[in-house]
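In case you want the letters, here they are:
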Amino acid sequence: MRAKPSSSYGSDTEPGSANRTFLIGGHLLNAPKPVPGLYLVATPIGNLGDITLRALETLAGVDIIACEDTRITRRLIERYAISAELKPYHEHNAAMARPKILERLAQGASIALVSDAGTPLISDPGFKLVREVSASGHAVIAVPGPSSVLTALSVAALPTDRFYFEGFLPARQVSRRTRLAELARIDATLVMFESGNRVQETLADLAEIMAGRDAAICRELTKLHEDIKRAPIAELARTAATLETRGEFVLVVGPPRKDADVMTQHDLDDLLRSSLARESVKDSVAHAVELSGRPRREVYARALELAKEVRGDDGED
């Protein structure tokens, strides 16, 4: 849960606004105040050594650093002896904080926006701020750097010429499976975030809905216990029970194989058996037709046969 302290974006006389220095390699360096504007500063996703020199100079030079959680950002600035003023900007206080940020920008302030980790606006609440700042005529400057999306893509050993970033999947299984069925139609590598307490369930759903694809599980990227597992999605799902679930996950799933427009009979049977255990024949057939590329009449006939095996009934429901 995000911190919810009250905030005032004050004036240039705030503590730290005049001490524009940062420490690197034992050397104390001066940082000039950047020109007025909002700076979108990417910060490390784990390893604090991944910060860029430009990011350090910007964070040390601005009047204010707006951040999701001041406690997390403070660890970073203390590492590099930056004494900038931290102010919270998160989903709980954004509506109240935005006008204050705009007021400070109008007074000529330079303000950095950082996420808890990685590039701002990627699964964090910065979009509305950037929209209002740019609409008000103030400069918006990107200071690029770490991104868990690009880091996962670079190590997954999957095609990167086209990719689709989904962010977090729905928490409820029905909604998640519906969304995965939609994603299965995208001819690109898929990148998804997932929490440790749901990653095993999500892998099972992926194995059923995107059978035959290669995938990678990227856990704790750039951190001490970084772990990358690459295998067909069905294999990753089979071994999910042994997966260490502590930490942050990025799931990368390769695009459909070029020869996989029509699902094999074996995969179709597996899909139908799994669906019939939870859903009606009608819903199972609709789902399988969408994913398999096979004619509905053929899928329906096979579903009736498997319904007797799975549920011991005539399947007419």
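Our subject is the structure listed above.
*Asks:* Honestly, the overall build of the protein in this entry has me stumped. Any pointers?
*Replies:* Scanning the protein for helices and strands turns up eleven helices and twelve strands. Reported as C-alpha extents along the three principal axes, the dimensions of the protein are approximately 80 × 40 × 30 Å. Relative to its full complement of 317 residues, the protein shows a buried share of 47%. A fraction of 73% describes how many contacts in the protein between residues 6 or more apart in sequence connect residues 24 or more apart. Total accessible area computed for the protein in this model is approximately 15,500 Å², and 52% of it derives from carbon and sulfur atoms.

*Asks:* Is there a simple way to think about the packing of aromatic side chains in this case?
*Replies:* For any pair of aromatic rings, the description rests on two quantities: the centre-to-centre distance and the angle between the ring planes. Following the criterion strictly, the structure yields two aromatic pairs and no others. A ring pair is formed by phenylalanine 165 and phenylalanine 193, whose centres lie 5.1 Å apart and whose planes are at 65°; its orientation type is edge-to-face. One end of the pair, phenylalanine 165, is in strand S8 (residues 163-168); the other, phenylalanine 193, is in strand S9 (residues 189-195), with 28 residues separating them in the sequence. Both rings, one in phenylalanine 168 and one in phenylalanine 193, keep their centres 5.4 Å apart while their planes meet at 65°; by these two values the pair is edge-to-face. On the criterion of sequence distance, the pair formed by phenylalanine 168 in strand S8 and phenylalanine 193 in strand S9 is long-range, its members being 25 residues apart. Among the residues examined, phenylalanine 193 registers a relative accessible area of 9% and is labelled buried. Among the aromatic residues, those joined into a ring-pair cluster are Phe165, Phe168 and Phe193.

*Asks:* How should the environment of alanine 286 be read in this particular structure?
*Replies:* Topologically, alanine 286 is positioned in helix H10 (residues 281-292). Between the alpha carbons of alanine 286 and tyrosine 300 there is a distance of 8.8 Å; along the sequence they are 14 residues apart.

*Asks:* Explain the packing of helix H6 (residues 173-183) against helix H7 (residues 199-209) here, please?
*Replies:* Two quantities define a packed helix pair, namely the angle between the axes and the distance from one axis to the other. In the contact formed by H6 and H7, the axes pass within 10 Å of each other and the chain directions differ by 40°. When the axis of H6 is compared with that of H7, the two are oblique. Regarding H6 and H7, the two cross each other, and that crossing is right-handed. The residues of H7 that touch H6, namely those facing Gln173, Arg176, Arg177, Leu180 and Ala181, are Glu201, Thr202, Asp205, Leu206, Glu208 and Ile209. Partitioning the contact of H6 with H7 into residue classes produces four nonpolar, two polar and five charged.

*Asks:* How do you make sense of the nonpolar core when you look at a structure like this?
*Replies:* The tendency in soluble globular proteins is for nonpolar side chains to be buried as a group. Counting 35 residues, the largest nonpolar core has Leu180, Met192, Leu203, Leu206, Met210 and Leu272 as the members making the most contacts within it. Broken down by element, this core gets its largest block of residues, five residues, from helix H11 (residues 296-311). Those residues within four positions of leucine 206 in sequence are excluded, and the remaining contacts are Leu180, Met192, Ala211, Ile233, Leu251 and Val253.

*Asks:* Help me understand the pattern of salt bridges in this model?
*Replies:* Side-chain pairing between opposite charges can occur once the charged atoms of the two side chains come close. Considering all chains together, one arrives at 21 salt bridges under this definition. The salt bridge partner of glutamate 166 is arginine 179, with a shortest N-O separation of 2.9 Å. Residue glutamate 166 is located in strand S8, and its partner arginine 179 is located in helix H6; the two are separated by 13 residues in the primary sequence. Overall, the relative accessible area of 21% leaves arginine 179 in the partly exposed class. Bridged by salt links that share partners, the residues Arg176, Arg177, Glu201, Asp205, Glu208 and Arg278 form one connected network.

What counts and how
- Residues numbered from 1 in each chain as written.
- Predicted model: local features only at pLDDT ≥ 70, side-chain atom pairs only at ≥ 80, totals over all residues.
- Heavy atoms only, no water.
- Helix = DSSP H or I, 4+ residues; strand = E, 2+ residues; numbered from the N terminus.
- Buried < 20%, exposed > 50% of the residue type's maximum accessible area, 1.4 Å probe, protein only.
- Contact = heavy atoms within 4.5 Å.
- Areas by Shrake-Rupley, 256 points an atom, 1.4 Å probe, with all protein chains shown as cover.
- Phe/Tyr/Trp six-rings, centres within 6.5 Å; stacked < 30°, edge-to-face > 60°.
- Axes fitted to C-alpha atoms, helices over the stretch in contact; angles between N-to-C directions.
- Parallel < 35°, antiparallel > 145°, perpendicular 65-115°, else oblique.
- Left-handed = near helix turned anticlockwise from the far one by under 90°.
- Nonpolar A, V, L, I, M, F, W, Y, C, P; charged D, E, K, R; others polar.
- Core = buried A, V, L, I, M, F, W, Y, C linked by side-chain atoms within 4.5 Å.
- Salt bridge = Lys/Arg side-chain N within 4 Å of Asp/Glu carboxyl O.

Everything listed here is a matter of geometry and, on its own, says nothing about what the molecule does.
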